[in-house]
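Here is what each chain is made of, one letter per residue.
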Amino acid sequence: MMTASFSVSASPDQQIKIKQIAQLAEYVGVDYVAAVGNGEILDPDEYQEMTEFSHVIIEQAGQLSSQTNEFDTVKAQAKALHTAIANKASVANVRAASSALRESLLTFMPQLSLPTSLLPVEQTKALFAANCSMCHGSSGQGDGPLAKNLSPEPTNFTDEERATNRSLMGLFDAVSNGINDTPMVAFTQFNEQQRWSLAFYVGSLAFKDVQKPQNVEKNITASQIVNLNPAQLSAGQSEAQAHYVKWLRGNPEQLFTGKKNPITVTRTQLLAAQAAHAKGNYSQASDLAISAYLDGFELVENNLNAYDETLRKNIEVQLMNLRQTFKNEKDAAIVGEKVSAALAQLAKADSMLNETKLTDGALLSASLVILLREGLEALLVIIALMTVLIKTKRQDALKYVHVGWITALIAGGLTWAAAQTLIEISGASREVMEGAGALFAAVILLYVGVWMHSKTSAQQWQKYIKDNIDKRLESGTLWGLAGLSFIAVYREVFETVLFYQSLLTQSSPAQYSSIASGFAIGVAILAIITWVLIKYSIKLPVAKFFAITTYLLFALSFVLMGKAVIALQEADIIGIAPLPISFDIAWLGIKSTWQGIVAQVCVFAIFSFYIFKSKSQN
């Protein structure tokens, strides 16, 4: 499948020229068929227009080339197009020259901030009828009441040959900026969604009767369908795939249904952030950069690790750094360079995730790792709480722990269901929830660990039981146990579901059994760990049990504190001050930022203080 790579290196003035050349080149490629046939001029007016447009293209390309040799190829291709028109070359040759020029120009054009949704079709039709039908006709055939008095005549959007050589980007530019030396004016009164909706609508009219194809590879992205015309997208493809391209142009709503591609979300939000930065909205740009990571890339990190963990880490670092760049850097050129670098890495990741499906074995392993990684922390907290209650002979209080984790599972499922159908839960909100939950759990576990460490001798424990246990484990404390149980599990459940949802998007229906197998194996492993921990921890003498559990709780507090800081940094609640060296130990919650290291050092310091204090007293 043809793709386009982008490098946003052109200045704003150059961008204006680039867009104009691209628009005119596409216009020539579409309309030349009405001007020349078999080497003869069919319509002098049309041919004159083609000649004039080619002169403008040559002039603009020459101005670009005079500024930097990066545009020498563009200048050469502009001359080739001009020569083809002057020699009355075939339509195929002129269109090939036009397409080559446009593809070269795309490498210098910033990717458009694609819409996340279009207006309902009926609203778009009403918008077209009120603003476009007087020229283009009620059905888009170019036969409106004013059409005959206009030169050139309005476009017939139902002409399939013409539409096959017209890109949606060209249509969007025409709606947004008008077309010079034609009656087509800019519709600046419309917002971006309205302009996109009109572009997709008129771009679909020639393909409305195309039937939905079966058994074709549906690997065309919104970016491709926007930037490339159907002729370019179909080049070198099978007849069935070319048919799919036309059907997709006729049914663009397919691009905006179902689960969004996380990489596409990341790309779209980054470009929106760059646009906001260019307007001086630095805070908004930073917020959009945060969304680019949390609502997009974070959801495919597990999948990408299966292909290239180094690439995953590089992209994560780039996206985190871009937040500060958008917030603090005022030079648009520097911002553009960093965004371009991130987009290039994202394109590589997207290619990996889309062009090569994960094997059944890789899917099983990924599914297993997700469940074990997310479930083990919650399990250890629950087991620790249960065994403490059993050791204190308060089995009656176990029901509070069970109420907590069971409710968390139910709440996690309901939250996910609501996110799919009723509400939109942003990545930032998710990270705040996870970060706050992890911070609360870390503090409570640290407190419980200190408390247990003070009871590591049998004598101390028996005295405590006699004096305090019946008074301390009253209803308030018991519901506190339920709350801790709930938080420890709930913070993992929703994230686990999101990761599985993302994993499903990278697999075919035939591979779902591999994901289910990984999940089932993970459940079995967690069940075995649960059984072993409960069986053998209960048999331990009180002093040894408390000593071991103390270290376990401190370790969990250490890990959760690190993860809490990471989550709150990702949500932009806590700042990010990187260390001189870069490292990432995910299973320990360790990342190379001062904030995370200091927080975990504090946990370690408290742990060490009570260990030394205990030894000095003995």
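Quick notes on the rules
- Residues numbered from 1 in each chain as written.
- Predicted model: local features only at pLDDT ≥ 70, side-chain atom pairs only at ≥ 80, totals over all residues.
- Heavy atoms only, no water.
- Helix = DSSP H or I, 4+ residues; strand = E, 2+ residues; numbered from the N terminus.
- Buried < 20%, exposed > 50% of the residue type's maximum accessible area, 1.4 Å probe, protein only.
- Contact = heavy atoms within 4.5 Å.
- Areas by Shrake-Rupley, 256 points an atom, 1.4 Å probe, with all protein chains shown as cover.
- Salt bridge = Lys/Arg side-chain N within 4 Å of Asp/Glu carboxyl O.
- Patch = residues over 30% accessible without salt bridge, like charges linked within 9 Å, V, L, I, M, F, W, Y side chains within 5 Å.
- Expected span 1.5 Å × (residues − 1).
- Core = buried A, V, L, I, M, F, W, Y, C linked by side-chain atoms within 4.5 Å.
- Axes fitted to C-alpha atoms, helices over the stretch in contact; angles between N-to-C directions.
- Parallel < 35°, antiparallel > 145°, perpendicular 65-115°, else oblique.
- Left-handed = near helix turned anticlockwise from the far one by under 90°.
- Phe/Tyr/Trp six-rings, centres within 6.5 Å; stacked < 30°, edge-to-face > 60°.
- Arc of directions from axis to C-beta.
- pLDDT = per-residue confidence, 0-100.
- Nonpolar A, V, L, I, M, F, W, Y, C, P; charged D, E, K, R; others polar.
- Disulfide = S-S within 2.5 Å.

Engineer: Can you break down the overall build of the protein chain residue by residue, with the values?
Structural biologist: In terms of helices and strands, the protein chain carries 25 helices and 4 strands. Burial statistics for the protein chain: of 618 residues in total, 50% are counted as buried. Across the protein chain, contacts joining residues at least 24 apart in sequence account for 74% of those joining residues at least 6 apart. For the protein chain, the accessible surface area stands at approximately 28,400 Å², while carbon and sulfur atoms represent 59% of it.

Engineer: Describe the pattern of salt bridges, listing the residues and the values that go with them.
Structural biologist: In total, this model carries 11 salt bridges according to the counting rule given. Residues Asp31 and Arg162 are paired through a salt bridge, measuring 2.0 Å at the closest nitrogen-oxygen approach. In this pair, Asp31 sits in helix H1 (residues 12-31) while Arg162 sits in helix H7 (residues 160-164), placing the two residues 131 residues apart along the sequence. You'll find Asp31 and Arg162 in the same group, each marked buried. Where Glu316 meets Arg312, a salt bridge forms, and the shortest distance between an N and an O atom there is 2.6 Å. On the criterion of helical spacing, the pair formed by Glu316 and Arg312 is a turn pair, its members being 4 residues apart in helix H16 (residues 309-328). With a relative accessible area of 9%, Arg312 lands in the buried category. Overlapping salt bridges bring together Glu309, Arg312, Lys313, Glu316 and Lys591 as one network.

Engineer: Could you give an account of unusual backbone geometry, naming the residues involved and the relevant values?
Structural biologist: With phi around 55°, Asn38 is a residue other than glycine that occupies positive phi space. One non-glycine residue with positive phi stands out, namely Lys88, at about 55°. Here Lys88 falls in the partly exposed class, since its relative accessible area comes to 27%.

Engineer: Which residues make up the side chain of Asp31, and what are the values?
Structural biologist: Among the residues examined, Asp31 registers a relative accessible area of 7% and is labelled buried. If sequence neighbours within four positions are ignored, Asp31 has contacts with Glu46, Met50 and Arg162.

Engineer: Give a description of a nonpolar patch on the surface that names residues and reports values.
Structural biologist: Nonpolar side chains collect at one region of the surface, where Ile528, Trp531, Val532 and Tyr536 lie side by side and expose about 430 Å² of accessible area between them. Of note, Trp531 is situated in helix H23 (residues 512-539). Residue class for Trp531 comes out exposed when judged on its relative accessible area of 52%.

Engineer: A description of helix H4 (residues 91-106) should follow, citing residues and the corresponding values.
Structural biologist: For H4, which comprises 16 residues, the first-to-last C-alpha distance of 22 Å matches the rise-based estimate of 22 Å (1.5 Å per residue) to within 8%. Taken together, the buried positions of H4 are occupied by Val91, Val94, Arg95, Ala97, Ser98, Ser99, Leu101, Arg102, Ser104, Leu105 and Leu106.

Engineer: Explain the nonpolar core residue by residue, including any values.
Structural biologist: Counting residues in hydrophobic clusters, the biggest one holds 33 residues, and the most contacted among them are Phe128, Leu198 and Ile225. No other element matches helix H9 (residues 192-204), which puts 6 residues into this core. Ranked by size, the runner-up nonpolar core spans 31 residues in total, among them Tyr27, Ala35, Phe53 and Ala84.

Engineer: Describe the environment of Lys535, and please don't skip the residues or the numbers.
Structural biologist: Here Lys535 shows up in helix H23. Distance in space between the C-alpha atoms of Lys535 and Thr387 is 9.6 Å, their sequence separation being 148 residues.

Engineer: Which residues make up the packing of helix H2 (residues 44-67) against helix H3 (residues 72-86), and what values go with them?
Structural biologist: One way to put it is that H2 packs onto H3 with a least axis distance of 9 Å and a crossing angle of 160°. Taken together, H2 and H3 sit at an angle that is classed as roughly antiparallel. Between H2 and H3 lies a crossing whose hand is left-handed. Counted together, Tyr47, Met50, Thr51, Ser54, His55, Ile57, Ile58, Ala61, Gly62 and Ser65 of H2 and Asp72, Val74, Lys75, Ala78, Lys79, Leu81, His82, Ile85 and Ala86 of H3 form the full contact between these two elements.

Engineer: Outline the environment of Ala22, listing residues and values.
Structural biologist: Relative to the assigned elements, Ala22 resides in helix H1. Assessed through its relative accessible area of 5%, Ala22 is described here as buried. Once the C-alpha coordinates of Ala22 and Ser99 are considered, the two residues, 77 residues apart in sequence, prove to be 9.3 Å apart.

Engineer: I'd love a proper account of the packing of aromatic side chains, names of residues and values included.
Structural biologist: Within the structure shown, the criterion is met by 9 aromatic pairs. A ring pair is formed by Trp196 and Phe200, whose centres lie 5.9 Å apart and whose planes are at 50°; its orientation type is tilted. You can see Trp196 and its partner Phe200 sitting in helix H9, 4 residues apart, about one turn around the helix. For Phe200, a relative accessible area of 2% corresponds to the buried category. An angle of 25° between the planes, with centres 6.0 Å apart, marks the rings of Tyr244 and Trp247 as stacked.

Engineer: Describe the side chain of Gln77, and please don't skip the residues or the numbers.
Structural biologist: Relative to the helices and strands, Gln77 resides in helix H3. Those residues in contact with Gln77 that lie beyond four places of it in its chain are Ala100, Leu101 and Ser104.

Engineer: Provide a residue-level description of H3, including the pertinent values.
Structural biologist: Over its 15 residues, H3 extends 21 Å from the first C-alpha to the last, a length consistent with the 21 Å expected when each residue adds 1.5 Å. What H3 keeps buried is the set Val74, Gln77, Ala78, Leu81, Ala84 and Ile85. Projection of H3 onto a plane perpendicular to its axis shows the buried side chains occupying an angular sector of 125°, all on one side. A positive phi of about 55° marks Lys88, the residue just after H3.

Engineer: Account for the confidence of the model for the protein chain, naming residues and giving values.
Structural biologist: Any segment with low pLDDT has predicted coordinates that should not be analysed in fine detail. For the protein chain, the mean per-residue pLDDT works out to 79, and 79% of the residues sit at or above 70. This model gives residues 1-8 a pLDDT under 50, and the stretch forms 28 contacts once residues within four places in sequence are excluded. Throughout residues 464-472 the model reports pLDDT below 50, and contacts reaching past four residues in sequence, or to other chains, amount to 9 contacts.

Engineer: Talk me through the packing of helix H5 (residues 121-131) against H9; I want residue IDs and the actual numbers.
Structural biologist: Direction vectors running N to C along H5 and H9 enclose 90°, while the axes themselves pass 10 Å from each other. The orientation of H5 relative to H9 falls into the category roughly perpendicular. Residues Thr124, Lys125, Leu127 and Phe128 of H5 lie in contact with H9, whose contacting residues are Gln194, Ser197, Leu198, Tyr201 and Val202. Looking at the contact of H5 with H9 residue by residue, the class counts come to 5 nonpolar, 3 polar and 1 charged.

Engineer: Just give me the short version of the state of the cysteines, but keep the residues and values in it.
Structural biologist: Considering all chains together, one arrives at 0 disulfides under this definition. Unpaired in terms of disulfides, Cys132 finds its nearest cysteine sulfur in Cys135, a separation of 8.4 Å. Given the relative accessible area of 12%, Cys132 is considered buried.

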